[in-house]
Amino acid sequence: MTRDDESGDGRSVQPGLAASNEEYDEKKLRGSRFRSIIAPYLYVAPAFVVFAAFLGWQLVQTAEYSLFDWDGLGASTFVGLSNYLETFQDPEIRSSFIHALVLTLFYAGIPVIVALILTVLISRSSKMKVMSFYRTVLFLPQVISSVVVATIWVSMYSQNGFINRILNALHLGGLTHAWLGDYSTALIAIGVVGTWTNMGLCLVLFLSGVGNIEPELFEAVRLDGANKWQEFFAITLPELRGQISVALTLTVISAFKTFDLVFVTTRGGPGNSTSVPAWEAYNRAFNTGQVGLASAVAVVLTVLIVIITWAIGRIDAKETA
């Protein structure tokens, strides 16, 4: 038998066997690539099926309704994109989106900034029991029903509520207010509730992120004489990019889809000062019989949330790159 090739250890290798091995390795590599591509989709497939069954089809129906003039009971008339044009032309609907942008400051901006500051203070504490206590107390609003939260704050904001009583006790009676009944303060009052609700979520995310940072990094900057704020900007903030992105995504979405809080506290009032897109969609569908217009508002709101979520994700991707 002729030896056509010889391996490094002196063993002969048949050409056919070598080709077979190469073909096997190539197939194995293709299979590994295929699994790496398809595996993520298999993981999300169950959640996608649930979404398609309970939400996806309803979203398609809403988009269909938005093309018709319909009161929800009688015959419908196809109007094309007229409902979308009215969505952008109606001053009350435009105001509701502006109000949602204002709430974004209270629901997302302030909670993220305050939570980052608290992260600096709490993460340096050596008493883990104290940290657990703070986490529990600040995260508590997230586990309380939003309707219960709204009811509590309605009581606190009332004329004889907790806030006005505190102001009177501090001899600041001139600052007492019908907080939810005044055009100038109603939207801000709702925003404060959003700040209180979302701050704990942001804090828990950031503290979890800090717990995953290598301790050697903190030790290195401390040996260089860095104080806690220099440590924060040099180590903590860059390492929390992912958590900040998640926090912004969740809180911005909560600001734009706010409904139950407005429904319980003000129902869009006084006047139109606290209306938000979700409330407008509900009001137009069930109170004024404009189901087509309400559906258009809901579709525009959904598209806007998707765009904002994508933009936040892209910012995080660029920072990571």
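Remember, predicted model here, so these are calculated numbers, not experimental data.

**Here's the deal with the overall build of the protein chain**
Phase 1: When helices and strands are tallied, the protein chain shows 13 helices and two strands.
Phase 2: Residue burial in the protein chain is summarised as follows: out of 321 residues, 32% are buried.
Phase 3: A sequence separation of at least 24 residues applies to 65% of the contacts in the protein chain between residues at least 6 apart.
Phase 4: Summing over all exposed atoms, the protein chain offers an accessible surface of approximately 19400 Å²; the carbon and sulfur share of this is 65%.

**A word on the packing of helix α5 (residues 146-157) against helix α7 (residues 186-211)**
Phase 1: One can describe the packing of α5 onto α7 by two numbers: an axis separation of 11 Å at closest approach and a directional angle of 130°. Classified by the interaxial angle, the pair formed by α5 and α7 is oblique. Like other packed secondary-structure pairs, α5 and α7 cross with a definite hand, here right-handed. Residues V149, W153 and Y157 of α5 form the contact with α7, whose participating residues are A189, V192, V193, W196 and T197.

**Brief notes about the nonpolar core**
Phase 1: Within the largest apolar cluster, 20 residues are counted, with the highest numbers of intra-cluster contacts made by L103, Y107, W153, Y157, I190, V193 and L261.
Phase 2: Elements with a minimum of two residues in this core: α3 (91-123), α5, α7 and α11 (260-265).
Phase 3: The greatest single-element share of this core, amounting to five residues, is contributed by α5.
Phase 4: The residues contacting L103, other than those within four sequence positions of it, are A108, L187, I190, G191, A255 and V276.
Phase 5: Ranked by size, the runner-up nonpolar core spans 18 residues in total, among them L203, L207, F218 and A247.

**Comments concerning the environment of S132**
Phase 1: Along the polypeptide, S132 turns up in helix α4 (residues 128-143).
Phase 2: Of the residues examined, S132 reaches a relative accessible area of 42% and is grouped as partly exposed.

**Digging into the pattern of salt bridges**
Phase 1: This model, assessed by the stated rule, comprises three salt bridges.
Phase 2: We note a salt bridge from R284 to D90, for which the minimum N-O separation is 3.3 Å. With R284 in helix α12 (residues 277-286) and D90 in the loop between α2 (82-89) and α3, this residue pair connects regions lying 194 residues apart in the sequence.
Phase 3: What makes D90 buried here is its relative accessible area of 14%.
Phase 4: One salt bridge in this structure joins R284 and E280, with 3.1 Å as the shortest N-O distance. Within this pair, R284 and its partner E280 are both found in helix α12, separated by four residues, close to a single helical turn.
Phase 5: Members of the salt-bridge network, linked through shared partners, are D90, E92, E280 and R284.

**A few points about the packing of aromatic side chains**
Phase 1: Summed over all chains, the structure comprises 12 aromatic pairs.
Phase 2: Aromatic pair Y282 and F286: ring centres 5.2 Å apart, planes at 40°, arrangement tilted. Taken together, the residues Y282 and F286, both in helix α12 and four residues apart, mark about one turn of the helix.
Phase 3: According to the relative accessible area criterion, Y282 is partly exposed, its value standing at 25%.
Phase 4: Residue class for F286 comes out exposed when judged on its relative accessible area of 63%.

**Regarding a nonpolar patch on the surface**
Phase 1: Residues F48, V49, V50, F51, F54, L55 and L59 make up a contiguous nonpolar surface patch of roughly 720 Å² in combined accessible area.
Phase 2: Relative to the helices and strands, F48 is located in helix α1 (residues 15-65).
Phase 3: The class of F48 is exposed, set by a relative accessible area of 55%.

**Some points on unusual backbone geometry**
Phase 1: A cis geometry characterises the amide bond from G269 onward to P270, with omega recorded as -5°.
Phase 2: Relative to the assigned elements, P270 resides in the loop between α11 and α12.
Phase 3: Located in the positive-phi region is H171, a residue other than glycine, with phi close to 60°.
Phase 4: Here H171 shows up in the loop between α6 (162-169) and α7.

**Comments concerning the layout of surface pockets**
Once rolled over the atoms, a probe with the size of a water molecule shows which space is left empty.
Phase 1: The volume enclosed by the largest pocket comes to roughly 560 Å³.
Phase 2: Forming the walls of the largest pocket are 20 residues, and the residues nearest its centre are T62, A278, A281, A294 and A298.
Phase 3: Here the residues of the lining of the largest pocket sort into 14 nonpolar, five polar and one charged.
Phase 4: Of the pockets and cavities examined, the second largest pocket occupies roughly 410 Å³.
Phase 5: For the second largest pocket, the lining is made up of 20 residues, of which Y107, S146, T197, N198 and S254 are closest to its centre.
Phase 6: Where the lining of the second largest pocket is concerned, the elements lending two or more residues are α4, α5, α7, α10 (241-256) and α11.
Phase 7: No other element matches the five residues that α7 contributes to the lining of the second largest pocket.
Phase 8: For the lining of the second largest pocket, the per-class residue count stands at 11 nonpolar, seven polar and two charged.

Procedures and definitions
Residues numbered from 1 in each chain as written. Predicted model: local features only at pLDDT ≥ 70, side-chain atom pairs only at ≥ 80, totals over all residues. Heavy atoms only, no water. Helix = DSSP H or I, 4+ residues; strand = E, 2+ residues; numbered from the N terminus. Buried < 20%, exposed > 50% of the residue type's maximum accessible area, 1.4 Å probe, protein only. Contact = heavy atoms within 4.5 Å. Areas by Shrake-Rupley, 256 points an atom, 1.4 Å probe, with all protein chains shown as cover. Axes fitted to C-alpha atoms, helices over the stretch in contact; angles between N-to-C directions. Parallel < 35°, antiparallel > 145°, perpendicular 65-115°, else oblique. Left-handed = near helix turned anticlockwise from the far one by under 90°. Core = buried A, V, L, I, M, F, W, Y, C linked by side-chain atoms within 4.5 Å. Salt bridge = Lys/Arg side-chain N within 4 Å of Asp/Glu carboxyl O. Phe/Tyr/Trp six-rings, centres within 6.5 Å; stacked < 30°, edge-to-face > 60°. Patch = residues over 30% accessible without salt bridge, like charges linked within 9 Å, V, L, I, M, F, W, Y side chains within 5 Å. 1 Å grid on protein atoms, 1.4 Å probe; cavity = no way out; pocket = protein on both sides within 12 Å on 5 of 7 lines; lining within 4 Å. Points joined across faces, edges and corners; volume = space filled by probe spheres on them. Nonpolar A, V, L, I, M, F, W, Y, C, P; charged D, E, K, R; others polar.

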